[in-house]
Amino acid sequence: MSVTNQKQVSSPTQSAAAQKTVAPYKHKKGEAYMNPKQLDHFRTILNNIKLGLGEDIDRTVHTMQDEATVFADPNDRASQESDMTLELRNRDRERKLLKKIDEMLAKIESGDYGYCDNCGVEIGLNRLEARPTATLCIDCKTLDEIREKQVAK
Ligand SMILES: [Zn+2]
């Protein structure tokens, strides 16, 4: 994923594409959490990430097609193959993210977006702004990570 406009934004987000076009949501005092305006905002962010991913996947396919015809030398072919493995892994990751984004868009439609999958509390605008695909509140996510580390040991 390209990281062009990263410097202009203070909070890190998952997608450079989203940073380029969507300004952070201006929350008004007393505004209801996940009101239609907020949902619109996150829908736009998610759709932007999706568009960016689509471009990346197209580019990968083209790169692979171009490279497939170029190398005749066996050494080049070997490195080309590992490149492809990497590309395929990236594509796999992108597909998963794409699937995740579709799930989040469905959540927006069903009214579940912005609430923790685990405990049901509000995930919070700031956290969603940084991670639009977050499905856990910060507490549950932290617990989750601790558990993952313990499993890895
Ligand atoms: Zn939670």
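Everything numeric here is computed off the predicted structure, so don't read it as measured data.

Rules behind the numbers
Residues numbered from 1 in each chain as written. Predicted model: local features only at pLDDT ≥ 70, side-chain atom pairs only at ≥ 80, totals over all residues. Helix = DSSP H or I, 4+ residues; strand = E, 2+ residues; numbered from the N terminus. Contact = placed C-beta atoms within 7 Å. pLDDT = per-residue confidence, 0-100. Core = buried A, V, L, I, M, F, W, Y, C linked by C-beta atoms within 7 Å. Buried ≥ 20, exposed ≤ 12 C-beta atoms within 10 Å, placed from the backbone. Expected span 1.5 Å × (residues − 1).

**Description of the overall build of the protein chain**
What the protein chain contains, in helices and strands, is five helices and zero strands. The linear arrangement of helices and strands in the protein chain, starting from the amino end, is α-α-α-α-α. The contacts of the protein chain with a sequence gap of at least 6 include a subset with a gap of at least 24, amounting to 58%.

**So, the confidence of the model for the protein chain**
Residue-level pLDDT values for the protein chain average 82, and 76% of them are 70 or greater. For the protein chain, helix α1 (residues 16-21) is the element with the lowest average pLDDT, namely 51, and helix α4 (residues 125-130) is the one with the highest, namely 95. Here residues 1-19 scores under 50 on pLDDT; set against residues more than four positions off or in separate chains, the count is 32 contacts.

**Side note on the nonpolar core**
Within the largest apolar cluster, 13 residues are counted, with the highest numbers of intra-cluster contacts made by Phe42, Ile45, Leu46, Ile49, Ile101 and Met104. Of all the secondary structure elements, the ones that give two or more residues to this core are α2 (36-70) and α3 (74-110). The dominant element in this core, judged by the number of residues it contributes, is α2, at five residues.

**Structural notes on unusual backbone geometry**
Phi is mostly negative for residues that are not glycine, and the peptide bonds are mostly trans. Positive phi values are uncommon outside glycine, yet Met34 reaches one of about 60°. For Met34, the location among the structural elements is in the loop between α1 and α2. On the neighbour-count criterion, Met34 (19 C-beta atoms within 10 Å) is partly exposed.

**Details of the environment of Val22**
Checked against the element boundaries, Val22 lands in the loop between α1 and α2. By the C-beta count within 10 Å, which is 20 here, Val22 ends up buried. A C-alpha to C-alpha distance of 9.2 Å links Val22 and Phe42, two positions 20 residues apart in sequence.

**Structural notes on α3**
Here α3 is 37 residues long and its end C-alpha atoms lie 53 Å apart, about the 54 Å a rise of 1.5 Å per residue gives. Among the 37 residues of α3, two are classified as buried, and the element is accordingly described as predominantly exposed. Positive backbone phi, approximately 85°, marks Gly111, located one or two places after α3.

**A look at helix α5 (residues 138-152)**
An α-helix turns once every 3.6 residues. As a result, residues three or four positions apart point the same way. Over its 15 residues, α5 runs 21 Å from end to end, which matches the ideal 21 Å to within 8%, given 1.5 Å per residue. Little of α5 is tucked away, with zero of its 15 residues classed as buried.

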